[in-house]
Every structure is written in C-alpha cells, then in structure tokens.
Amino acid sequence: MAKNSTIIPPDESQALSKQISAHKPLSESREKNWVKRIKKLRIPIFVKLATLSALLIFLVISTITYLILEKQKEQFTQELMNLGENMAGIAANNSADKLLGEEELDLFRLVNDISENEHVLYAFITDKKNIIKAHSNIEEVNKTYIPPKNLAFFKNKKDLKIGRFFQDGEEIFLFERSITYQGLTIGKAYLVISQKNILQSIRSAKAYILVITLIIIVIGILLSVIFGIYFSRPIKKLQETAKALGTGDFDQRVQIKRNDELGDLGSAFNEMAEGLSEREKIRETFGKYVTPEIRDEILSGRIPFDGERRMATVLFCDLRDFTPYVEGHSPEEVIKGLRSYFTAMQKAISLNNGLVLQYVGDEIETVFAVPIWYEDHAQKAIMAALDMRASLEELNRIRAAEGLTTFRHGIGIHTGEVLAGNTGSEDRLSYTLIGNTVNLTSRIEGLTKKFKCDILASEETVKGLTGSFNLKKKPPQMVKGYSKPITIYQVIG
C-alpha cells in the first residue's frame, strides 16, 4: 500500500457520501435559479439595437482597417526594397574608382550622403578582404566586417543579396552589392535599412483610425438608442394596451401616428380592439336575452344542434290571479310590477345554480343541472323554491307599504330526463327543454291551485333530496296526458 494513501472507515465514508449528495442538489438548485434569472432578464430593444450597431460598426471598420493597413505595409515594404536596391547600386557604382585609389574621404562622403536618408541606419564599403574602408560611423573604419548572427538572406541575385536580421526586436534589412572593376570583384557596398518609420506611420494610422472608429461607434450607439426608442415606444404602447384588453377593458385604443408598418399595426390593433369591444357588447346583450350559462355554452359551441338527453330538475312558477291584475292596472304598471317580481325570483334561482330558460307572460321556466351538470340538482331546486317564497314575501312587504297589489304564485318541481338543446329554424334558434318531464312539471305547478299551496314537488324530486325538509305527502293525482296517478309532496319548509 502507498505511504500517502488514506483509508476512510465505512461509517465516515457513508457520512461523506451523504454530505456530497446533500450539497449536490443545492448547487443544482442554485444553477437553476441562476438560469431562471438570466431567462427573466429583460433587455430593452433599443439596448439590443445599440449593441448590435456598435458590434457591426466595430467589425466592419476593423476589417477594412486591417486590410488597408496590411496592403499599405506591403506597398511600403516593396518601396523600401526598391529604395535599398537602388541606393546599394548607387553606392557600388560610384565607389569602384575611389576604392582602387584608396580615396577614403570620398568614400566616406559617399556613404555619409547615402546614410542621410531617413530609412537608412548606416552604410559602409569593404574591400575584397572584408575590411571596412568607409562607414557612416567613422569609428567602424578599418575593422573587419562581421555579419550579424541572425542574418538570413531571402533574395540572392548575381551581384545583389538582400537579407534580414533582428536588432532590439526590430526587423532590419541588409543590402549587399558587389563592387566590380573590369569584371573583377574588388569589394562590397552594404546598406542597412530600418522599417521603423514605416511601422511608426502605420501605428499612427491605426491610432487615428481607432479614434475615428470610437467616434463612429459612439454616434452609432446614440443613433441606435434614438431609433430604438423611436420604434420601441409604439411597441410598448401596444403591449400596455394589449394587457388592458386582456383584463377586459375593451375601450382601450393605441395612438400611433406613424406612416409606416408600425402605424399600420396600430390601426390593425385598434380595429381588433373595436371588434372585441363589439363582440363583448353583443355577448353582454345576448346574456340579457338568455342566461350567461347558455350564452357561454352557445358561444363556445358545446351545445349540440340536435340537443342532448340529460337528467335534470325542472321548476315552473306561475303568478296567481294575474289576469284580474292586468285588467285592473295600466300596462306600464303591469310591466314594472312583473319586472320587480321576475328580478326577485331570478336572484333566488341564480343563488341556487338554477337557470331561467324563459319568461312566458307571468310564468317562469327554470332548470337545474342543465347545461352545466351538478349532482344535487333536486336539492338545489327545492332550496330555490324556498328562497323564492322568502323573496316574494319581502317583495310583498315593500309593495304593501307602497299601496300596491301583492302577488301570489305557485311552484311545481319535477326531476327526470329532458332533451336540452337548440331548437327552432335554421336562421333563428332557441335553447329549450323538451320531454315529458317538462310537461309533468307544468301539471304539478297547476295542482298548487287545487291544494291551495305554493310549492309542490314530485316523488322523483323528493327521492333526490339529501337534506332534511318539512314535506307533506298528498294523495295520488291523475293529471292530463298521463294514464297513471302521480305522487306529489307539499314543501312546507
């Protein structure tokens, strides 16, 4: 076993693994939270436009600048090569006689004149033994020429060599031209040229272009922010108005006075909002002619055109002595009285999830568990009848206090199968109930006159009750259209 190995006891190993597993979900949850924060990070559109514009400007200008400067550097370098070749040729052609005549002063003047060029570092002439006979730096005269250690020739012609070496990190070009006299080589002319000035010019150009680029980027960002705000403001208006429409405020409109696509979008949005407003008004108006439940079921298309069979509880309510009441009162007063009566009854019915199908004269037809199903529809119908009794008593107290005629009504309730759906012509439909259950409910309501009571319920309805009610069973009764007697109960309380 290795000396540095460590043995972890089983208990400690299990504890350590539990610690690791405990920390792992924590780190994962932190990572998920971090991802959620990034996803929730909202970046305005003008910031995105500004960033994109700045990036595009930078990339375009940088690419163009790089290509131009590289091309310029290549041209300058070629010009420098031509300059070096020409000056090396001049030095070689004008030094042969002077070198043979050992006219050192004239040679010095020659190399000194050549060295005055801003690109030339130094120039010198050697004899055939590589002894420097003339140098722009006079201290180098009569020394043996030793080539730079890292000199490498990349061009070698018959009487001209061009090489490069590095000095203090700078690339230097060396031109070596043979000095000939009557076909014999008697020495060499050397010219050392630096790219420093060229590179300095290129660096200055880069700095200048960088400043221009920064100025253009700043201008681009400002313009992007302005244009971003210009385009984002109408979008924000559309967003705020859309939220208002989502809350049901269909009177909201967006004002975008623009002669572009955003202006067209604003107009289309307002047309949509107006359509929604009209649809909502139709929906509300429709809900006054039929109940909201039927309205929503019809608009959603969930009510079959041919109807559907459902178990339900039907309630009929009819005012007593209505004909004498109509004869003894003006039509305006009759309508006002009926409206107050129907309003009170409808509230009691709706309170117990009942659905008023229609008002026929002084009669109310109501159903429970249609079109929206619920289990305790018989219980709801009885509770609605009792609440209708209480509402009528309250209404009569008010009418009596005002010196108006009080009302009496009879209520019949029956549970059974009905056919519920849209009936009528293809052009005009009506939601209604069809079946023996409806007819029998009407007959039960008529029996309230015979027993002089206000609420009667069938045996089928009583069987569906889950609560405790005070009921009184009546003798079996024969009704029109039925061959067998029916059992009914008086709902006392």
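As shown above, the structure is provided for reference.
Residues numbered from 1 in each chain as written. Predicted model: local features only at pLDDT ≥ 70, side-chain atom pairs only at ≥ 80, totals over all residues. Heavy atoms only, no water.

Chemist: Any chance you could break down the overall build of the chain for me, citing the residues and the numbers?
Modeler: In terms of regular secondary structure, the chain is built from 12 helices and 14 strands. Residue burial in the chain is summarised as follows: out of 493 residues, 37% are buried. Put simply, the chain shows about 30800 Å² of open surface, and 55% of that area lies on carbon and sulfur atoms. (Helix = DSSP H or I, 4+ residues; strand = E, 2+ residues; numbered from the N terminus. Buried < 20%, exposed > 50% of the residue type's maximum accessible area, 1.4 Å probe, protein only. Areas by Shrake-Rupley, 256 points an atom, 1.4 Å probe, with all protein chains shown as cover.)

Chemist: Let's hear about the environment of Lys129: which residues, and what values?
Modeler: Mapped onto the secondary structure, Lys129 falls in the loop between β1 (120-127) and β2 (132-135). Taking the C-alpha atoms as reference points, Lys129 and Lys188, 59 residues apart in sequence, are found 9.7 Å from one another.

Chemist: How would you summarise the pairing of strand β5 (residues 170-181) if you had to cite specific residues and measurements?
Modeler: Direction of pairing for strand β4 (residues 160-167) relative to β5: antiparallel, over a ladder of 8 bridges. When the bridges of β5 are listed, Leu160 appears paired with Arg177. Joining the antiparallel neighbours β4 and β5 is a turn of 2 residues, in which Asp168 adopts a positive phi near 55°. Looking at chain direction, β5 and strand β6 (residues 184-194) are connected through 10 bridges and run antiparallel. Considered in β6, the bridge of Ile179 is made with Gly187. Hairpin connection of β5 to β6: 2 residues between the antiparallel strands, including Gln182 at a positive phi of 50°. (Pairing = 2+ DSSP bridges.)

Chemist: Outline unusual backbone geometry, supporting the account with residue identities and numerical values.
Modeler: In this model, Val370 is joined to Pro371 through a cis peptide bond whose omega is -5°. Examined against the element boundaries, Pro371 turns out to sit in the loop between β9 (363-368) and α10 (377-401). Located in the positive-phi region is Asn130, a residue other than glycine, with phi close to 65°. Within the element layout of this structure, Asn130 appears in the loop between β1 and β2. Of note in this structure, Asn142 is not a glycine but carries a positive phi near 70°. Within the secondary structure layout, Asn142 lies in the loop between β2 and β3 (152-156).

Chemist: Lay out the pattern of salt bridges in plain terms, naming residues and giving numbers.
Modeler: The tally for this structure, following the rule as stated, stands at 15 salt bridges. Salt-bridge contacts for Lys157 lead to Glu85; the nearest nitrogen and oxygen are separated by 3.9 Å. Of the two residues, Lys157 sits in the loop between β3 and β4 while Glu85 sits in helix α2 (residues 45-93), which places them 72 residues apart along the sequence. A network of salt bridges, in which partner residues are shared, links Glu85, Lys155 and Lys157. (Salt bridge = Lys/Arg side-chain N within 4 Å of Asp/Glu carboxyl O.)

Chemist: Break down the side chain of Arg320 for me, citing the residues and quoting the values.
Modeler: Summarising the element assignment, Arg320 is placed in the loop between β7 (308-319) and α8 (322-327). You can call Arg320 buried: its relative accessible area is 12%. Within the structure, the side chain of Arg320 is placed 3.1 Å from the side chain of Glu445, a separation counted as a polar contact. Among residues more than four places away in sequence, those in contact with Arg320 are Arg408, His409, Gly410, Glu445, Thr448 and Lys449. (Polar contact = N/O pair within 3.5 Å; in protein donor to acceptor, adjacent residues only side chain to side chain. Contact = heavy atoms within 4.5 Å.)

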